[in-house]
Amino acid sequence: MRHLIYNIIALSVILGTSLATEAQKTGVTLGGGGAVGYAHIGVLQAMEEAGVKPDCIVGSSMGSVIAVLYAQGYSPQEIVKMLKKERMNHLGHLYRPHLRRAGGIIDTRRIQRILKKYVPHNSFDSLKTKFYCCAMSMNDLAPRYQCSGGNLTEYVMASVAIPALFAPVEIDGVYYFDGGMMDYLPVEPLIKEGCERRIGINIDIERPRKITSPKGLWAHAYTNSCYRTSFKTLPFFTDVISIDPTHFWMHNFKKMDSIYDIGYSTGKRYFSEQEQARLHTIESGDLLFIGIPMDYKADDMASAIASATGKDSVMNIIHVAILEVVHDSVWIIDATLKDGVHRHPLDTLLSTFRLNDGSLPHFQVKRVADNRRAATWIANAKKLTGSSYDIYFLPDNEEYYCSELVQVAYTDDQGNQLFHSKPMNFLAPDGTMPQYWTWLFSKLGRDVPQGVPGTNPSDMSLSPILRNVDVTILEYSTLFK
């Protein structure tokens, strides 16, 4: 029986060339911090380099200024250039005294003009990324999270309006002040949006400081009172990136470059550690490659497989399956001659996939480097469950062998396949056609499809878009615990 099962599965993979069903949403919150909030830009740059793209972004206080520019579609580097061009790294140029203005002693109209210059539509609904702006309503002294309609610039200005320094902003008859006073690091909008991954970029301003002036005393008291509001929201983030502003203060706008560097280095370190941790655990969308030793002695079919597709000097990859992680269980989506395209528990595969002597084959897990579309790939594969196995190994016939299933399911944003076809090879290394293939396809009433476009798991495993995941697949099975 094991010998037969081995043959069935091997046949399903031989021919070719020489955790969730819905997309995981990611949300990011940028907290306050005054000038130290420029560190957010550095973290956003590190986040982009790590391949993390938010579906939703939330800003409070200074974080709302950075967030709205990012939501408009500007890259972190473009935001830095823009702020420098507009001299937003000079406190005197950014904020000017205006003692006659009711409700505040600093004129913020220049900031408003800058925002309207770079976000001219002044509408939440016209932004490229969903954006929530947190401001404090004076009607009930509670945070408000605005995400739709007009008055975009006005809400952002309200979010940074520190009482006494800036005049409150009136919108539709309601006065608003600095959002950081009531919610320094908002998480509620991310939960509302259904973001499974919630990243909080937290300027850790509650650090001991040597106070040398009344201005410093006021700044320290104000920022710390705001920061303490984050204590109630921090537990609800899946990722918290804490920025240590060291010796910088909320008014050190001229230190923009140094503050940016702190955010960037902190973000790079965080996402690097996250990536290393991820490469030691499986995720939905990972590929499970199964191989046998190159010197493994089996029947004529196995020998034909090895001679046609074997490339590794140690292992010959004979099967590929898609992994799906659902809570604490691992599922397999693959195509076999016996069941066609089907989804089954990992344990089912491990309990049946044995070599002739009863031993387990070699298992290797690999991941597409940019796997943001993993949920889409899983969904694509699930749509094909119930399809017949492609015994003829032909493209575009609505039947699928194992690596063909992966090829069809794994696409980029434009629908292009990540794994490309090449001419299939059945020939032995000496250029002759093994008798086995001639016999098999004569039984099928077909010519051997030599040179027909296709894939095989051996070539697929060597794709440069894949990276190794350092796990032992047996650790995820109840059969071996």
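Residues numbered from 1 in each chain as written. Predicted model: local features only at pLDDT ≥ 70, side-chain atom pairs only at ≥ 80, totals over all residues. Heavy atoms only, no water.

Undergrad: Break down the nonpolar core for me, with residues and values.
TA: One finds Leu69 and Phe131 to be the most contacted residues of the largest nonpolar core, which totals 65 residues. Broken down by element, the residue count for this core peaks at eight residues, all from helix α3 (residues 62-72). Excluding residues that lie within four positions of it along the chain, phenylalanine 131 makes contacts with Ile57, Gly59, Ser64, Ala67, Val68, Ala71, Phe124, Gln146, Cys147, Leu152 and Val156. Ranked by size, the runner-up nonpolar core spans 34 residues in total, among them Ala304, Ile333, Cys402 and Tyr410. (Core = buried A, V, L, I, M, F, W, Y, C linked by side-chain atoms within 4.5 Å. Buried < 20%, exposed > 50% of the residue type's maximum accessible area, 1.4 Å probe, protein only. Helix = DSSP H or I, 4+ residues; strand = E, 2+ residues; numbered from the N terminus. Contact = heavy atoms within 4.5 Å.)

Undergrad: Tell me about the pairing of strand β15 (residues 362-368), residues and numbers included.
TA: Of all seven residues making up β15, five are buried, and the element is well covered by its neighbours. Strand direction decides the pairing type here: strand β11 (residues 287-293) and β15, joined by five bridges, are antiparallel. Counted as the bridge partner of leucine 287 is lysine 366 from β15. (Pairing = 2+ DSSP bridges.)

Undergrad: Pulling in residues and values, what's your account of the packing of helix α2 (residues 39-49) against helix α10 (residues 256-278)?
TA: Remark: α2 packs on α10, axes separated minimally by 6 Å, with the N-to-C direction vectors making an angle of 35°. Seen from above, α2 lies across α10 with right-handed handedness. Contact residues: Ala39, Ile41, Gly42, Val43, Gln45, Ala46, Met47 and Glu49 in α2; Ile259, Tyr260, Gly263, Tyr264, Gly267, Lys268 and Phe271 in α10. Taken together, the residues that form the contact of α2 with α10 break down as nine nonpolar, four polar and two charged. (Axes fitted to C-alpha atoms, helices over the stretch in contact; angles between N-to-C directions. Left-handed = near helix turned anticlockwise from the far one by under 90°. Nonpolar A, V, L, I, M, F, W, Y, C, P; charged D, E, K, R; others polar.)

Undergrad: Talk me through the pattern of salt bridges; I want residue IDs and the actual numbers.
TA: One pass over the full model with this rule turns up 16 salt bridges. Taking the shortest distance from any N to any O, the salt bridge between lysine 268 and glutamate 49 comes out at 3.0 Å. Linking lysine 268 in helix α10 with glutamate 49 in helix α2, this pair joins segments that are 219 residues apart in sequence. The exposure class assigned to lysine 268 is partly exposed, which follows from its relative accessible area of 35%. Linking glutamate 154 and lysine 116 is a salt bridge whose minimum nitrogen-to-oxygen distance equals 3.4 Å. Of this pair, glutamate 154 sits in helix α7 (residues 152-159) while lysine 116 sits in helix α6 (residues 109-118), and the two are 38 residues apart along the sequence. For glutamate 154, a relative accessible area of 15% translates into the label buried. A network of salt bridges, in which partner residues are shared, links Glu275, Arg278, Glu283, Asp286, Arg367 and Arg467. (Salt bridge = Lys/Arg side-chain N within 4 Å of Asp/Glu carboxyl O.)

Undergrad: A description of the packing of aromatic side chains should follow, citing residues and the corresponding values.
TA: Counted according to the given criterion, the structure contains 14 aromatic pairs. Between tyrosine 270 and phenylalanine 271 the ring centres are 5.4 Å apart and the planes differ by 90°, which places this aromatic pair in the edge-to-face class. Look at tyrosine 270 and you get buried, because its relative accessible area is 16%. On the basis of an interplanar angle of 45° and a centroid distance of 5.8 Å, the ring pair of tyrosine 436 and tryptophan 439 is categorised as tilted. With tyrosine 436 and tryptophan 439 both in helix α15 (residues 435-444) and three residues apart, this pair spans about one turn of that helix. By relative accessible area, which is 46% here, tryptophan 439 ends up partly exposed. An aromatic cluster of at least three residues, connected via ring pairs, comprises Phe426, Tyr436, Trp437, Trp439 and Phe441. Arginine 343 extends its terminal NZ or CZ atom over the ring of tryptophan 331, reaching a point 4.1 Å from the ring centre. In this arrangement the basic side chain of arginine 446 is found over the ring face of tyrosine 392, its NZ or CZ atom lying 4.4 Å from the centre. (Phe/Tyr/Trp six-rings, centres within 6.5 Å; stacked < 30°, edge-to-face > 60°. Lys NZ or Arg CZ within 6 Å of the ring centre and 35° of its normal.)

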